[in-house]
Amino acid sequence: MQLHISPSLRHVTLLPPKGVREFIKVKVGSRRLSYRMLFYSLLLFTFLLRFIYVFSTVDTIDDQTKCSSVGCSGKRLASGILRGRSLQSNSAVPRVIYQILEERSNEDEIVGGPEIPQTLEEFVTSMKGSNKLDAKTFAIKLKSMVTLLEKRTRTAKIQEYLYRHVASSGIPKQLHCLALRLAHEHATNAAARLQLPSPELIPALVNNSYFHFVLASDNILAASVVATSLVYNSLRPETVVIHIITDRKTYAPMQAWFSLHPLSPAVVEVKALHHFDWFAKGKVPVLEAMEKDQKIRAGFRGGSSAIVSNNTEKPYVIAAKLQAMSPKYNSVMNHVRIYLPQMFPSLKKVVFLDDDLVVQSDLSPLFHIEMKGKVNGAVETCHGGDKFVMSKRFKSYLNFSHPLISKNFDANECAWAYGMNIFDLEAWRKTNISENYHYWLQENLKSDLSLWQLGTLPPGLIAFHGHVHVIDPLWHMLGLGYQENTTMADVQRAAVVHFNGRAKPWLDIAFPQLRELWTKYVDFSDKFIKSCHIRA
């Protein structure tokens, strides 16, 4: 077969072989079209050259096979596509890399010497300068660098968790100073010992036409921010009653603060746990459980040094164990909410607030939510855009490898949040929630803390199981003490923002842009605040 192109590029003639006289003539319409055809032909030819070059280069690098022709490369490619076999299994380069990467490495050999690249730039430079450019050398150097960096990252992560644990477990000296100054003021200044509330306002404490909020805290400044933000954002502050519950040592400075910083027209009550007869004279199961809990933790935790020295556990496991040692998880203030029906026998509904949150909207509509016979109105934590915070289910808190847990609960059941809860005390008094709470605390102690290991939320999930009414998530935004990937638009829409996590807003480790939400309710010109060097 012969191909003839006329000099003018207007005719293309195709002559068949073996003397056949017939021929095919194609007349091209215009010279411009012919040039375009020629251009596309050259473009296709250039692409094919590049394709051939790539395959020949791969064959040249591959020192594991004798086949170095383009045809051999095409044969392997066709085999992988037509027979349904992946290129990975037929190519020697990935196979060598996988073999090297899957070999167990001796950590003692990873010492970070000069032969191991420390950065990606060093790795690329070393590969360019190597005389032996093959897949095996590439894999060995890559594995050494990644293993070394992984080891250093793990060490840095554990150190970060340890430092955060130490920073979040201690009491900042500024807050300690504030408590001491206020205790001294309580002892020397009659104005700091006022009865709270004043006698004429005492009837409001049991009047169900008011909106009753309960706050349990031994942190004076934190309690002040919660109460101030609550009253400031209330549409009818004269209908707000705040019941502040604290411990014996914090009662005097807490009373001094709210005596000297009244939140009129709201009603504020300050009481210590020992002021409740049932707590002072009766048998309190939570206190007994806390004493046993301390002994068990001291026995098998071994302290923070033992935890961080464990080289086999993953960093997030070590972080969880350090968090379990936090004093707040063994504080009676965390367990107070389970006694709300006994503490306020005359009240029908209360909203319980943690001391690490800020109120940004009027919360009175919470009291008008129809609970439908449920006891606890709470935000669920298994739905939402923030997958770090809003992805919690029962399996996130309870140990479902234990038969006592697995046979009674569903691992994928949605969890809910403590921190801002509306409690229907009338409905609560008709249940055995408190007794159930105490029962599971004892079961966890009997199992050496194997049902769960930290916090008051796990026994709360169990005790309130079946008694939770889900409320709109805009009422309660979580996670501001865990991570800073919170958009300010979401923050502004939330009625309550909760700094749950280690990065509390009164600590130096707080996230700066989120801390401003809290500091706006602190009067830094106050003489007690200034004298203790508490700054924005």
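Residues numbered from 1 in each chain as written. Predicted model: local features only at pLDDT ≥ 70, side-chain atom pairs only at ≥ 80, totals over all residues. Heavy atoms only, no water.

Q: Which parts of the structure should I look at to understand the overall build of the protein?
A: Counting its regular elements, the protein contains 21 helices and 12 strands. Going through the 536 residues of the protein one by one, you find that 44% of them count as buried. Here the analysis covers contacts within the protein between residues at least 6 apart in sequence; of these, 70% occur between residues at least 24 apart. For the protein, the accessible area works out to roughly 29,400 Å², and carbon and sulfur atoms hold 57% of it. (Helix = DSSP H or I, 4+ residues; strand = E, 2+ residues; numbered from the N terminus. Buried < 20%, exposed > 50% of the residue type's maximum accessible area, 1.4 Å probe, protein only. Contact = heavy atoms within 4.5 Å. Areas by Shrake-Rupley, 256 points an atom, 1.4 Å probe, with all protein chains shown as cover.)

Q: What's the story with the state of the cysteines in this structure? I'm lost.
A: Cysteine pairs can be covalently joined through their sulfur atoms, and such a bond is termed a disulfide. Tallied over the entire structure, the rule returns two disulfides. Sulfur-sulfur distance for the disulfide between Cys-177 and Cys-532 comes to 2.1 Å. Between Cys-177 and Cys-532, the S-S dihedral sits near -75 degrees, and the bridge is therefore left-handed. Taken together, the residues Cys-177 in helix α7 (residues 173–188) and Cys-532 in the segment after α21 (527–531) connect sequence positions 355 residues apart. Judged by relative accessible area, which is 23%, Cys-177 ranks as partly exposed. Accessibility expressed as a relative area gives 3% for Cys-532, which makes it buried. At a sulfur-sulfur separation of 1.9 Å, the disulfide partner of Cys-382 is Cys-414. (Disulfide = S-S within 2.5 Å.)

Q: Explain the environment of Lys-173 here, please?
A: Summarising the element assignment, Lys-173 is placed in helix α7. Residue classification places Lys-173 among the exposed positions, given a relative accessible area of 68%. Lys-173 sits 360 residues away from His-533 along the chain, and the two C-alpha atoms are 9.4 Å apart.

Q: Quick question: what am I supposed to make of the confidence of the model for the protein here?
A: Any region with low pLDDT has predicted coordinates that should not be read closely. Residues at a pLDDT of 70 or more form 72% of the protein, whose mean pLDDT is 80. Below pLDDT 50 for its whole length, residues 19–33 participates in 22 contacts with residues either more than four positions away or in separate chains. For the stretch residues 73–92, pLDDT sits under 50, and the model shows 22 contacts to residues farther than four places along the chain or on other chains. (pLDDT = per-residue confidence, 0-100.)

Q: I would appreciate a short explanation of helix α8 (residues 220–232) in the present structure.
A: Given 3.6 residues per helical turn, the α-helix brings residues three or four places apart onto the same face. Over its 13 residues, α8 extends 18 Å from the first C-alpha to the last, a length consistent with the 18 Å expected when each residue adds 1.5 Å. Here α8 lies mainly inside the structure; 11 of its 13 residues are buried. Within α8 the residues assigned to the buried category are Ile-220, Leu-221, Ala-222, Ala-223, Ser-224, Val-225, Val-226, Ala-227, Ser-229, Leu-230 and Val-231. Where α8 starts, the residue carrying a side-chain oxygen 3.3 Å from the main-chain nitrogen of Leu-221 turns out to be Asn-219. (Expected span 1.5 Å × (residues − 1). Polar contact = N/O pair within 3.5 Å; in protein donor to acceptor, adjacent residues only side chain to side chain.)

Q: What's the story with unusual backbone geometry in this structure? I'm lost.
A: What is expected of a backbone is that most residues other than glycine have negative phi and most peptide bonds are trans. A cis amide bond, omega -5 degrees, links Leu-196 with the succeeding residue Pro-197. Tracing the backbone through its elements, the reader meets Pro-197 in the loop between α7 and β4 (211–216). With an omega dihedral of 10 degrees, the bond running from Ser-264 to Pro-265 counts as a cis peptide bond. Position of Pro-265 relative to the elements: it lies in the loop between α9 (248–260) and β6 (267–272). Even without glycine at this site, Lys-372 takes up a positive phi of about 55 degrees. Structurally, Lys-372 is set in the loop between β8 (357–359) and β9 (376–378). One non-glycine residue, His-533, lies in the positive phi region at around 55 degrees. With respect to the helices and strands, His-533 occurs in the segment after α21.

Q: How should helix α17 (residues 433–446) be read in this particular structure?
A: The first and last C-alpha atoms of α17 sit 20 Å apart over 14 residues, in line with the 20 Å expected at 1.5 Å per residue. Those residues of α17 that sit buried are Ile-433, Ser-434, Tyr-437, His-438, Trp-440, Leu-441, Glu-443, Asn-444 and Leu-445.

Q: What should I look at first to understand the pattern of salt bridges in this one?
A: Where charged atoms from two side chains of opposite charge come close, those side chains can pair. All chains considered together, the criterion is met by six salt bridges. Among the salt bridges present, the one from Glu-238 reaches Arg-236, with a minimum N-O distance of 3.9 Å. Overall, Glu-238 belongs to the partly exposed group, its relative accessible area being 41%. Across the pair Arg-337 and Asp-354 runs a salt bridge whose closest N-O atoms are separated by 3.5 Å. Taken as a pair, Arg-337 in the loop between α13 (315–324) and α14 (340–343) and Asp-354 in the loop between β7 (349–353) and β8 lie far apart in primary sequence, 17 residues in all. Of the two residues, Arg-337 and Asp-354, neither departs from the other in class, the shared state being buried. (Salt bridge = Lys/Arg side-chain N within 4 Å of Asp/Glu carboxyl O.)

Q: Mind showing me how you'd approach the side chain of Thr-519 here?
A: Its place among the elements puts Thr-519 in helix α20 (residues 512–519). Residue class for Thr-519 comes out buried when judged on its relative accessible area of 12%. Within the local environment of Thr-519, its side chain forms a polar contact with the backbone oxygen of Glu-516, the two atoms lying 3.5 Å apart.

Q: Help me out: how do you make sense of the sheet that holds β9 in this one?
A: Either a parallel or an antiparallel arrangement is found when strands of a sheet pair, and the pairing is made through backbone hydrogen bonds. Here we have seven strands laid out as an open sheet, ordered β6-β5-β4-β7-β10-β9-β11, and mixed in their pairing. The sheet is open, and its two borders are formed by β6 and β11 (468–470), each paired with just one other strand. Across the sheet, the mean angle from the axis of one strand to that of its neighbour is 25 degrees, orientation sign disregarded. The sheet contact formed by strand β5 (residues 240–246) and β6 spans six bridges and is parallel. Its bridge partner lying in β6, His-243 is registered against Glu-269. Taken strand by strand, α8 contacts β4, β5 and β7, and its axis lies near 170 degrees from that of β5. (Pairing = 2+ DSSP bridges. Axes fitted to C-alpha atoms, helices over the stretch in contact; angles between N-to-C directions.)

Q: Help me out: how do you make sense of the packing of aromatic side chains in this one?
A: Aromatic ring pairs: the centre-centre distance and the angle between the two ring planes describe each pair. Per the stated rule, a full pass over the model turns up 12 aromatic pairs. Both rings, one in Trp-416 and one in Phe-464, keep their centres 6.0 Å apart while their planes meet at 85 degrees; by these two values the pair is edge-to-face. Separated by 48 residues along the polypeptide, Trp-416 in the loop between α15 (403–406) and β10 (420–424) and Phe-464 in the loop between α18 (457–463) and β11 bring together distant segments of the chain. Here the two residues Trp-416 and Phe-464 agree in accessibility, since each one is buried. One cation-aromatic arrangement involves Lys-271 over Phe-276; the distance from NZ or CZ to the ring centre is 4.3 Å. (Phe/Tyr/Trp six-rings, centres within 6.5 Å; stacked < 30°, edge-to-face > 60°. Lys NZ or Arg CZ within 6 Å of the ring centre and 35° of its normal.)

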